[in-house]
Amino acid sequence: MSPDETVSASAQAIRQGILRESRRANRGHIGSALSVADLVAGIVHTLDFSRRPESDRDRFVLSKGHAALAYYVGLQRIGVLGPRALDEFCANGSRLSTHPDHEVPGIHFSTGSLGLGVSYAAGSALAARLRGSPRRTVALVSDAELNCGLSWEAIMFAAHHRLGRLHLVVDLNGSQAFGATRDVLDVSPLAARLEAFGMSVDEIDGHDAPQVRGALEGPADDPSRPRATLARTRLGHGVSFMAGRLEWHYLQMTDDQYRQAMLEVSPSCDARS
């Protein structure tokens, strides 16, 4: 299987896992998690989570913490979480909650308060430089988080210190809890704004495996500047009745909706499993 095929297959498995575990636990931000499935697949197959010593392993910040279920499934996909770990998703006393907990293997930062993740990532990148570590820091950020002034302070900090090992991946799905991002607080033209704040910017289709992998693995235009990849995505991607529908930021599936969704993300799967 080629690297692109591996990322594509993992994205499909992540979508299935999101639906399965969300239905079982009757929890999870389904639309938001589906939005980033392809991005998470690229991240878990690109970053070094295990080969180097712990201090030199790449760092990932899921700033968009409410999409944690996608990341849990991705970590299980690469063996960081065990095959039965997701049975504990949202169970009483479990660390696998709807937002990431740093005590879970593969998670370095507890997140959920939106807007903080860029600051965590900038601090991680600076710490790596001070340690002389080659590790990268990648943060997956929602476009709506860029409504927060704290994010822009961190971007300025990263640009000022020329943290070239920092890479922000922006989930540009255009929606947030209270409506379309353009209506709540428009961040466009986002590429121009990020460039004005000192970042190197590229744009991709966030549901296209080769583009996702290329953005994560390819060299930056200027290796001394922090980088941002704007990934055009869609809330609820992969499921027809969820795609682009704001209500799936919160809603849970009925049994019939679950069966239909599972058939759509993998026609050969058995929705009863």
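In this report, the structure presented in the accompanying data block is examined. (Residues numbered from 1 in each chain as written. Predicted model: local features only at pLDDT ≥ 70, side-chain atom pairs only at ≥ 80, totals over all residues. Heavy atoms only, no water.)

Quick notes on the pairing of strand 2 (residues 137-142)
Line of reasoning, step 1. Where burial is concerned, most of strand 2 is hidden: six out of the six residues are buried.
Line of reasoning, step 2. Alternating positions in strand 2 separate into two faces, Thr137, Ala139 and Val141 on one and Val138, Leu140 and Ser142 on the other, with burial throughout.
Line of reasoning, step 3. Summarising the sheet, strand 1 (residues 59-62) and strand 2 pair through four bridges and their orientation is parallel. Counterpart to arginine 59 in the pairing with strand 2 is threonine 137.
Line of reasoning, step 4. Bridge analysis of strand 2 against strand 3 (residues 166-172) gives six bridges, and the strand direction is parallel. Directly across from leucine 140, in strand 3, lies its bridge partner valine 169.
Line of reasoning, step 5. Each parallel crossover has a hand, and the one from strand 2 via helix 6 (residues 149-160) to strand 3 is right-handed. (Buried < 20%, exposed > 50% of the residue type's maximum accessible area, 1.4 Å probe, protein only. Helix = DSSP H or I, 4+ residues; strand = E, 2+ residues; numbered from the N terminus. Pairing = 2+ DSSP bridges. Right-handed = clockwise from strand over helix to strand, strands pointing away.)

Let's talk about helix 6
Line of reasoning, step 1. Taking 1.5 Å of rise per residue, twelve residues should cover 16 Å, and helix 6 covers 17 Å from first to last C-alpha, within 8% of that figure.
Line of reasoning, step 2. If you check which residues of helix 6 are buried, you get Ser151, Trp152, Ala154, Ile155, Ala158 and Ala159. Down the axis of helix 6, the buried side of the element spans an arc of 160 degrees, and every buried residue falls inside it. Exposed residues lying more than 90 degrees from the buried face of helix 6 are Glu153 and His160.
Line of reasoning, step 3. Tucked into the core, helix 6 has its buried residues touching helix 5 (117-131), strand 3 and helix 8 (190-196).
Line of reasoning, step 4. Directly after helix 6, the chain includes arginine 162, whose backbone phi takes a positive value near 50 degrees. (Expected span 1.5 Å × (residues − 1). Arc of directions from axis to C-beta. Contact = heavy atoms within 4.5 Å.)

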